[in-house]
Amino acid sequence: MPTPKLSVDIGGTFTDLVLSVGDRVHTRKVLTTPAMPDDAFLQGMDLILHDADVGYNDLSLIIHGTTLATNALIERKGARCAMLVTEGFRDSVEMAYENRFEQYDILMERPPPLVPRHLRLPIRERLGPAGQVITPLDEDAIIAAIDVFRHHDIQSVAICFLHSYANLAHEKRAREILQSHAPDLSITMSGQVSPEIREYERWSTACANAYVQPVMDTYLGRLETRLHERGVTAPLFMVTSSGSLATCAHARHFPIRLVESGPAGGAVLAVALAAHYGLPEIVSFDMGGTTAKICLIDNNQPLFSRFFEVARHYRHLKGSGLPIRIPVIDMVEIGAGGGSVATVDAMKRIQVGPQSMGSTPGPACYGRGGTCGTVTDANVVCGRIRAETFAGGSMKLDTTAAQSALVDAVGMITGQSPAAAASSVIEIVEESMANAARVHAMEKGCDLTSRTMIAFGGAAPLHASRLAEKLGIRQVIVPTGAGVGSAIGFLLTPIACDIARTHLLTLDATSGLGALERLHQGMLDEAHAVIGPAIRGDLNRLEARWVADMRYHGQGHEVQVHIPPTRIRDPDTLRTLFEAAYTRQFGRTIPNLAVQITGWTLRLSAPVDARLPPPSGIPTTGTAQPVMGRIIAPGTSRQIDVAIYQRAELPVTTTVNGPALIVEDETTTFVSACFGATINELGHIVMTRIEA
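Now for a quick tour of the structure. (Residues numbered from 1 in each chain as written. Predicted model: local features only at pLDDT ≥ 70, side-chain atom pairs only at ≥ 80, totals over all residues. Heavy atoms only, no water.)

1. Some points on the pattern of salt bridges
According to the stated counting rule, one finds 36 salt bridges in the structure shown. In this structure, the salt-bridge partner of Asp38 is Arg226, at a minimum N-O distance of 2.6 Å. Here Arg226 lies in helix 7 (residues 199-229) and Asp38 lies in helix 1 (residues 37-52), a separation of 188 residues in the sequence. By relative accessible area, which is 0% here, Asp38 ends up buried. With a shortest N-O distance of 2.7 Å, Arg349 and Asp345 are connected by a salt bridge. Residues participating in the shared-partner salt-bridge network are Arg384, Glu427, Glu430, Glu431, Arg438, Arg466, Glu469 and Lys470. (Salt bridge = Lys/Arg side-chain N within 4 Å of Asp/Glu carboxyl O. Helix = DSSP H or I, 4+ residues; strand = E, 2+ residues; numbered from the N terminus. Buried < 20%, exposed > 50% of the residue type's maximum accessible area, 1.4 Å probe, protein only.)

2. Description of the packing of helix 4 (residues 139-151) against helix 5 (residues 169-181)
With their axes 10 Å apart at the nearest point, helix 4 and helix 5 run at an angle of 45° to one another. With respect to their mutual orientation, helix 4 and helix 5 come out oblique. Of the two elements, helix 4 crosses helix 5, and the hand of that crossing is right-handed. On the side of helix 4, the interface is formed by Glu139, Ile142, Ile143, Ile146, Phe149 and Arg150, while helix 5 contributes Arg173, Ala174, Ile177, Leu178 and His181. (Axes fitted to C-alpha atoms, helices over the stretch in contact; angles between N-to-C directions. Parallel < 35°, antiparallel > 145°, perpendicular 65-115°, else oblique. Left-handed = near helix turned anticlockwise from the far one by under 90°. Contact = heavy atoms within 4.5 Å.)

3. What to know about the sheet that holds strand 10 (residues 186-189)
Strand order in the open sheet made by the four strands is 6-5-9-10, with parallel pairing throughout. The open sheet has two edge strands with one neighbour each: strand 6 (120-123) and strand 10. When strand polarity is set aside, the average angle formed by the axes of neighbouring strands in this sheet is 20°. Pairing geometry for strand 5 (residues 81-86) and strand 9 (residues 156-160), over five bridges, is parallel. Opposite Ala82, over in strand 9, you have Val157 as the bridge partner. Contacting strand 5, strand 9 and strand 10, helix 7 crosses the sheet at an angle of about 165° to strand 9. (Pairing = 2+ DSSP bridges.)

4. A closer look at the state of the cysteines
According to the stated counting rule, one finds zero disulfides in the structure shown. Cys81 carries a free sulfur, and the closest cysteine sulfur to it, the one in Cys207, is 5.8 Å from it. Residue classification places Cys81 among the buried positions, given a relative accessible area of 4%. (Disulfide = S-S within 2.5 Å.)

5. Side note on the nonpolar core
Of all hydrophobic cores here, the largest spans 135 residues; its most connected members are Phe285, Val425, Met453, Val476, Met550 and Trp600. Here the element with the most residues in this core is helix 12 (residues 418-443); it accounts for eleven residues. Not counting the four nearest positions on each side in its chain, Met453 is found in contact with Val283, Phe285, Ala464, Leu467, Ala468, Leu471, Ile473, Gln475, Val476 and Ile477. With 81 residues, the next largest nonpolar core counts Ile187, Val193, Val212 and Leu258 among its residues. (Core = buried A, V, L, I, M, F, W, Y, C linked by side-chain atoms within 4.5 Å.)

Have a look at this one:
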């Protein structure tokens, strides 16, 4: 029997499961259980294993991604957390960048730090930027802080000392003292979770890790126990924000690296599709129940970053969230999902999101107590979602409740009919996503019109063709299993380790190359120690990917430069690659300025079979017979006729001209009037713009 592999993606609304058994792929979608996320995990696992006639002990691998850490940060439902900080710097996490992210709002408020001021305890100690000891650590102050922790019932502590990226000695000693006097505390060292310059980002990351660590540790520990009770012996791996797999033990220690785990799986799927089709430039569009994610992928590689913000709460403006400095796939994420709530502001403008109804109570049409009009309700009223066939008919939708919710939320205020209100909500959410994609592409210097869109997620196929129209994109691919796309991506994700280090070096100063060699070897040794036990194989098969943070001397920020492993200590190569990357981003180089490297990132990854799941059950002959229905034409309140097809009945090479709906259990693809759709040899829906 082929070795079955299971992937589970817990989202804000649905939990997606994919089971791979040789050439067979089984999928399931169940509602997320926010209070106990492992309930939905195990419920879905029971169902999908029953579908495939696979036993618990037959599983060879379980891969898991979850929004639990993200939700804890967004909803401020993490642990009671404190902070030990270098004396004189307790307010750094509150002062932030000392700027205003909204220049003209006199009532602007910054997001409050995760640790309140009275729990940010100053400790007398000081290291210099080279790691030299300026002021020894006051160990008595650490012991005195423990009484404060006990008084406030603190669960987790972030140790944040100045320049600990250069020397961990003081943070390590503080951890030793805390562990000996208060062994139940969860402890995060800033120089370990984010060993890089710029203390605000490093300390914010450490506080976020400490804030979610008890939550994630409890959840993952409980999940492992419940899996073992069912007889599961397969290892459990977690998907990280950089699109790699980490052991469960590593994830419990650094849970902040799981914050973007679900979207990262989608990007991995998009990379595999780009490689299969030989597409050099694509844009992936992932829309679920809570958010929409857009990612640019060039030459089979997504854009990577080591900085992003989580929980932006002020019009999604940069600077209004919590900065996190970890390796992450660079994408734009907006609060536009199927469960996103529609409202009308004081100027009678329709707004959609970022608030989402999630799975509990969910959109009004779910009949679970939700009363707010959402994007899903709008799609039901407009006829894009067929109430009688949603989720394969296992979940009946209430069209009347959807209409009532939209009338109450939008129609009564704007004076629109239910159909016009629903159409307006869809138009607003599609334009919001298009605008986010335009801005993201502009910031990266990319042209969207030459790219192919790959759409997946439960809601993305419903909106992809219209989004492509707005962006001038001519081709859209909706893969098989699109409704659980991120979970499919999990199965293609490599086991990997990401290591980042700050190391200042001016390229003209060739005397520093010896230290650079020692740094690189130390990073390799650390990555081998992490990944070696997980792969249980030949370490010589691992692939190293190096990125240098480089800038001109005197500049405040860097550009990321990919360096071939064989040339990472060649000054001429480093300068040439930097100038090429700088020119791509800014259109020019600056003569007569020294080039400086501020840091390095290493990704060490094991080889993985990144082939797409083989087609299964796709008809090769025959002709699909549609049924006719009516939908609201996009951007209007006018009804139009539409052909409705079952995706499972569409043979290879079938062509469907829009407007049409292609329905399957986990999603529906809307083919707008501007597109024609063809079923290719893998069963993927390829929508191509029809020439006028």
